[in-house]
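Structure at a glance
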Amino acid sequence: MSGGSTSFSGLVWRIHEFGQPDVMQLELSDTPAPGANEVIVKVHAAGVGPWDGWIRSGNSALPQPLPLILGSDISGEVVAVGAGVAQFKVGDQVYGVTNKRFCGGYAQYAVASASMLDRKPESIEHIAAASLPVIAVTAWQALFDQAGLERGQTVLIHGAAGNVGAYAVQLAKEAGLQTVCTASPDDVDGVVALGGDKVIDYTKTRFEDEVRGVDAVIDLVGGETQTRSFQVLKKGGKLISAVSAPDQALAAKHEILATFFLVDVSTESLGRISSLISRGALKMNVGATLRFEQARDAHLMLEGQRPRPKGKIVLVTDEIPKH
């Protein structure tokens, strides 16, 4: 561990049982020394996502042994590095995801896998950086790694005004794709502003009446929207869902490929996002910033028990340097 016998302790949001937001406990905790391929990050901001609520309530797709510290998206400063870490040093400003279990981020000092972090772009502050990792990489991987879309092809993006959808629209535009997007009436203008070519108000128009023969559907909604999407794809097209596993019998009937995937955040995948941000090619949308101590309130927002603005919820520490 860099820095000899230096150790770190700070506040964390830990759960000892699964349940509603009231199971979250704010505790003082010693941070373990980083493993060979890990770093310790002094967290300046931590993103809050729906998956944090799924983990807290015991509905994660991944095994989650208790007790655990919630949170995955972080931005902050490296304060210690493991023996096998060459790409980061103490003092580096980084952002990314803690680990493949998506836990450990709601902490003043978080242990993170070095292979799931990237240097924070200098053009953005820690709050914006903490809002990015999972949702921006999910959008990229849906479009390009999973759907394999190329310039000139057409993609239908459901939930285009959501956190992942807004990045999918921008990334598609940047890559020269033609986009058809579904959104609620209040969000249509916003999706157009992000670069959506054709934006359908799903409360007034059934998208399948307007769209046919698309190369791919990016499903960020699930349910009957996903089911209705099979018919708008061309043969050999792809339905990619970040929400739920598609019906394979329907996929076979329509002669398309249908896949559910879990995001795989890496330094490489974050690097693509960092590059776009440094060029000013992506707009971020932080919806609510709450103090670190208000993490329970953030989860009440996730559960719909408190009002929340559109955009990403971010927890911030009291002293956040800009760079």
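Predicted model, so just to flag it, every value in this text is computed and none were measured.

**Here's the deal with the overall build of the chain**
- From N to C terminus, the chain includes nine helices and 16 strands.
- Here the C-alpha radius of gyration of the chain, 20 Å, is about what a compact globule of 323 residues would show, namely 20 Å.
- Principal axes of the C-alpha set define a box for the chain whose edges measure 65 × 40 × 35 Å.
- Residues classed as buried in the chain amount to 55% of the 323 residues present.
- Across the chain, every contact between residues at least 6 apart in sequence was considered, and the portion connecting residues at least 24 apart equals 66%.
- Here the chain displays about 13900 Å² of accessible surface, and carbon together with sulfur accounts for 49% of that area.
- Distance from the positive charge centre (29 side chains) to the negative charge centre (35 side chains) of the chain: 3 Å.

**Digging into helix H9 (residues 295-302)**
- Taken as a whole, H9 has its buried residues at Ala295, Ala298, His299, Leu300 and Met301.
- Buried positions along H9 lie against strand E1 (8-15), strand E2 (24-31), strand E3 (38-48), helix H1 (50-57), strand E15 (286-291) and strand E16 (312-316).
- Once H9 finishes, Gly304 follows within two positions and takes phi at roughly 80 degrees, a positive value.

**Digging into the sheet that holds strand E4 (residues 68-69)**
- The three strands are arranged E2-E1-E4 in an open sheet whose pairing can be described as antiparallel. Strand pairing shows two members of the sheet lacking a second neighbour, E2 and E4, which therefore form its edges.
- Taken together, the two bridges between E1 and E4 define a ladder with antiparallel strand orientation. Bridge pairing in E4 places Ile15 opposite Leu68.
- Running at roughly 130 degrees to E2, H9 makes contact with E1 and E2 of the sheet.

**Section: the confidence of the model for the chain**
- Mean pLDDT over the chain works out to 95, with 96% of the residues at or above the 70 mark.
- For the stretch residues 1-5, pLDDT sits under 50, and the model shows 11 contacts to residues farther than four places along the chain or on other chains.

**A short note on the packing of helix H3 (residues 133-146) against helix H8 (residues 267-278)**
- Close contact between H3 and H8 brings their axes to 10 Å; oriented N to C, the two are set at 100 degrees. What the angle tells us is that H3 and H8 run roughly perpendicular. Residues Pro133, Ala136, Val137, Trp140, Gln141 and Asp145 of H3 form the contact with H8, whose own contacting residues are Ser269, Leu270, Arg272, Ile273 and Leu276.
- Residues belonging to the contact of H3 with H8 are distributed by class as follows: seven nonpolar, two polar and two charged.

**Some details on the nonpolar core**
- Residues Val39, Tyr106, Leu143, Val155, Ile218 and Ile273 are the most contacted members of the largest nonpolar core, which totals 85 residues.
- Top contributing element to this core by residue count: H3, with nine residues.
- Domain assignment of the residues forming this core places at least three in each of domain 1 (8-133 + 264-316) and domain 2 (147-260).
- Apart from the residues lying within four places of it in its own chain, the contact partners of Val155 are Leu143, Leu149, Ala172, Leu177, Gln178, Thr179, Val180, Ala216 and Ile218.
- Core analysis: the second largest hydrophobic core is formed by 15 residues, Ile200, Phe207, Val214 and Leu233 among them.

**Comments concerning the pattern of salt bridges**
- Counting across every chain of the model gives 17 salt bridges.
- Here Glu27 and Arg14 are joined by a salt bridge, their closest N and O atoms 2.7 Å apart. Of this pair, Glu27 sits in strand E2 while Arg14 sits in strand E1, placing them 13 residues apart in sequence. The same class applies to Glu27 and to Arg14, which are both buried.
- In this structure, the salt-bridge partner of Glu268 is Arg272, at a minimum N-O distance of 3.4 Å. Of this pair, Glu268 and Arg272 both sit in helix H8, four residues apart, roughly one helical turn.
- Classification of Glu268 as exposed rests on a relative accessible area of 57%.
- Classification of Arg272 by relative accessible area gives partly exposed; the value is 28%.
- Connected through salt bridges with shared partners, the residues Arg206, Glu208, Glu224 and Arg228 form a single ionic network.

**Considering the UniProt feature "domain: Enoyl reductase (ER)" (unreviewed entry) in the chain**
- As annotated in UniProt, the feature "domain: Enoyl reductase (ER)" (unreviewed entry) corresponds to residues 19-315 in the numbering used here.
- With 27% helix and 29% strand, the stretch residues 19-315 has end C-alpha atoms that lie 21 Å from each other.

**Here's the deal with the environment of Ala128**
- Assignment of secondary structure puts Ala128 in helix H2 (residues 126-130).
- Under the relative-accessibility criterion, Ala128 is labelled buried at 17%.
- Setting aside anything within four residues of it in sequence, one finds Ala128 in contact with Met284 and Val286.

What counts as what
Residues numbered from 1 in each chain as written. Predicted model: local features only at pLDDT ≥ 70, side-chain atom pairs only at ≥ 80, totals over all residues. Heavy atoms only, no water. Helix = DSSP H or I, 4+ residues; strand = E, 2+ residues; numbered from the N terminus. Rg over C-alpha atoms; globule rule 2.2 N^0.38 Å. Buried < 20%, exposed > 50% of the residue type's maximum accessible area, 1.4 Å probe, protein only. Contact = heavy atoms within 4.5 Å. Areas by Shrake-Rupley, 256 points an atom, 1.4 Å probe, with all protein chains shown as cover. Lys, Arg positive; Asp, Glu negative; His and termini not counted. Charge placed at Lys NZ, Arg CZ, Asp CG, Glu CD. Pairing = 2+ DSSP bridges. Axes fitted to C-alpha atoms, helices over the stretch in contact; angles between N-to-C directions. pLDDT = per-residue confidence, 0-100. Parallel < 35°, antiparallel > 145°, perpendicular 65-115°, else oblique. Nonpolar A, V, L, I, M, F, W, Y, C, P; charged D, E, K, R; others polar. Core = buried A, V, L, I, M, F, W, Y, C linked by side-chain atoms within 4.5 Å. Domains from an automatic or database assignment. Salt bridge = Lys/Arg side-chain N within 4 Å of Asp/Glu carboxyl O. UniProt positions renumbered as here; feature names shortened; annotations may be inferred.

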